[in-house]
Amino acid sequence: MHARAAVFFGPGRPFELREYPVPDPAPGAVLLKIRLSNVCGSDLHQTRGDGGNPIPPGGRVLGHEMVGEIVKLGEGVSTDSLGQPIQEGDRLVYTYFYPCRRCWHCTQGNFSLCTTRLAHYKESADDWPHFSGGFADYYYLRPGHFAFKVPDDLSDEMVSSANCALSQVIYSLQRGQFKYGDTIVIQGAGGLGLYAVAVAREMGAEKVIAVDGIPQRLELARQYGADEVVCLEEFTTPESRVQRVLDLTEGRGAEMVLEVVGMPQVIPEGLQMVQPGGAYVDVGVVSGKFSIEFFPAALLRRNARYVAVNHYEPFALYQALRFLSRNQKRLPLDRIISHTFPLERINEAFDQSEWFKKEAGKAGVTRAAIAPGL
Ligand SMILES: [Zn+2]
Ligand SMILES: [Zn+2]
């Protein structure tokens, strides 16, 4: 049996739909059918050419933020990572990285630090198991991959961001030591930003302040629980935004400022919003292509911490599912995905996700998803 994958050959080149033999799961592995796979900011970094990952001959299958349905369990697999029974037809979410469990960091239980955790992303689409990314009909879950069964009451649209955006936010607030009664400023109200608003709220935030340039996003941020929003249309300079945050925090600034914009230009103003003893938590700037002028004194004078967070520990993904179950009736969780495209229209999905392009702005795509089964 053959099935489709959208293969990426490099920036500036359209995805090509190709067919590959569907792998039979080895002992310990699981074959999944992709239900929904989102276009995440880091996928856009790849297609723009500032992602940094080299493209192997034969191309790569992108897509890491997804939910799959079990088609076939390999020999010996009967449960998810928490021992919950699983069977064909059940849905799974899984970490998009694959810790080796054979390195120094893995022996310490620091799976987010495993140096080969993304090794499968370097594989060519030509090589077995072919289906190593979300923009395809199938996904091959390797033996021992951290995976959790999706509760029936959560829709694909609600859970498809769990293994990237939501887990990342949950883990980042914990790494940054966010605590009850703290105030947080969230730079960026895209998918991660909206989740951060809601998670901080649940963790007992005194005040949640969201900063963004798009009024519709900030409106959604309010629905997710933001107390205050700072719109770049109204506060047009970094100085005015810093002043606004100080005004909203009795002149102190926030215990935590979270960067989920993905552009380092926002860091200097964000540092000015951190209160003495607080933390600046950087999650979005994954691209190594951009630099900024940086004044360490902004941190030093505040006795502040700079916490950089890349990937998360597997427990955060289970906590993400629990968050969704607790909040599904309270929050518009299905509005994180604004548009869904079939696999054959993946190039359109990526085009319209470029929010700074005029035509994309018109389409109103905030987060697109690919549904291969459409
Ligand atoms: Zn992602
Ligand atoms: Zn490892």
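Now for a look at the structure at hand. (Residues numbered from 1 in each chain as written. Chains lettered and ligands numbered in written order. Predicted model: local features only at pLDDT ≥ 70, side-chain atom pairs only at ≥ 80, totals over all residues. Heavy atoms only, no water.)

### Points about the sheet that holds strand β1 (residues 2–8)
Taken in spatial order, the 3 strands of this open sheet run β2-β1-β4, and their pairing is antiparallel. In the strand order of this sheet, the two ends are held by β2 (16–21) and β4 (60–61), each with one partner. As defined by bridge partners, β1 adjoins β4 across 2 bridges and the pair is classed as antiparallel. Counted as the bridge partner of V7 is V61 from β4. (Pairing = 2+ DSSP bridges. Helix = DSSP H or I, 4+ residues; strand = E, 2+ residues; numbered from the N terminus.)

### Observations regarding the environment of A221
With respect to the helices, strands and loops of the structure, A221 is situated in helix α6 (residues 215–224). Overall, A221 belongs to the buried group, its relative accessible area being 0%. Here the alpha-carbon distance between A221 and A210, two residues 11 residues apart in the chain, equals 6.9 Å. Each residue touching A221, except ones within four places of it in the same chain, is listed here: A189, L194, V197, A210 and A226. (Buried < 20%, exposed > 50% of the residue type's maximum accessible area, 1.4 Å probe, protein only. Contact = heavy atoms within 4.5 Å.)

### Some remarks on the coordination of the zinc ion (ligand 2)
The protein atoms that coordinate the zinc ion (ligand 2) are C100 (SG), C103 (SG), C106 (SG) and C114 (SG), at distances of 2.3 to 2.4 Å. Each of the 4 donor atoms around the zinc ion (ligand 2) contributes to a set of angles spanning 102 to 119 degrees, which defines the coordination as tetrahedral. Counting gaps between the donor residues of the zinc ion (ligand 2) yields the pattern C-x2-C-x2-C-x7-C. Judged by relative accessible area, C106 falls into the buried class, the value being 7%. (Donors = N, O, S within 2.8 Å, 3.2 Å for Na, K, Ca; no water. Tetrahedral: all angles 85-135°; square planar, octahedral: opposite > 155°, others 65-115°.)

### Let's talk about the sheet that holds strand β9 (residues 183–187)
Remark on secondary structure: sheet strands pair via backbone hydrogen bonds, oriented parallel or antiparallel. One open sheet accounts for 6 strands, arranged β11-β10-β9-β12-β13-β14; its pairing is parallel. A strand with exactly one partner marks an edge of an open sheet, and here the two such strands are β11 (228–231) and β14 (305–308). For this sheet, the mean inter-axis angle between neighbouring strands, taken without regard to orientation, is 15 degrees. Note: β9 against strand β10 (residues 207–212), 5 bridges, orientation parallel. (Axes fitted to C-alpha atoms, helices over the stretch in contact; angles between N-to-C directions.)

### Examining the coordination of the zinc ion (ligand 1)
Coordination of the zinc ion (ligand 1) by the protein is provided by C40 (SG), H64 (NE2) and C164 (SG), with metal-donor distances spanning 2.0 to 2.2 Å. Linear spacing of the donor residues for the zinc ion (ligand 1) on their chain is C-x23-H-x99-C. Residue H64 is located in the loop between β4 and β5 (65–73), and its partner C164 is located in helix α4 (residues 162–175); the two are separated by 100 residues in the primary sequence. The same class applies to H64 and to C164, which are both buried.

### Re the environment of T183
Considering the arrangement of structural elements, one finds T183 in strand β9. Classification of T183 by relative accessible area gives buried; the value is 8%. Along the chain, T183 and V281 lie 98 residues apart, while their C-alpha atoms are 13 Å from each other. In this view, T183 contacts F178, E206, K207, I209, T249, A254, E255 and M256; residues no more than four positions away in its chain are not counted.

### Looking at the side chain of D50
Looking at the element boundaries, D50 is found in the loop between α1 (41–48) and β4. R48 provides the closest opposite charge to the buried, salt-bridge-free D50, at an N-O distance of 5.0 Å. A polar contact is formed between the side chain of D50 and the side chain of H45, at a distance of 2.5 Å. (Lys, Arg positive; Asp, Glu negative; His and termini not counted. Salt bridge = Lys/Arg side-chain N within 4 Å of Asp/Glu carboxyl O. Polar contact = N/O pair within 3.5 Å; in protein donor to acceptor, adjacent residues only side chain to side chain.)

### A closer look at the environment of F323
With respect to the element layout, F323 can be found in helix α10 (residues 315–327). Through-space distance from the C-alpha of F323 to that of K149 is 14 Å; in sequence the pair is 174 residues apart. Every residue in contact with F323, bar those within four places of it in the chain, is listed here: L166, I170, Y195, A198, V199, E202, L331 and L333.

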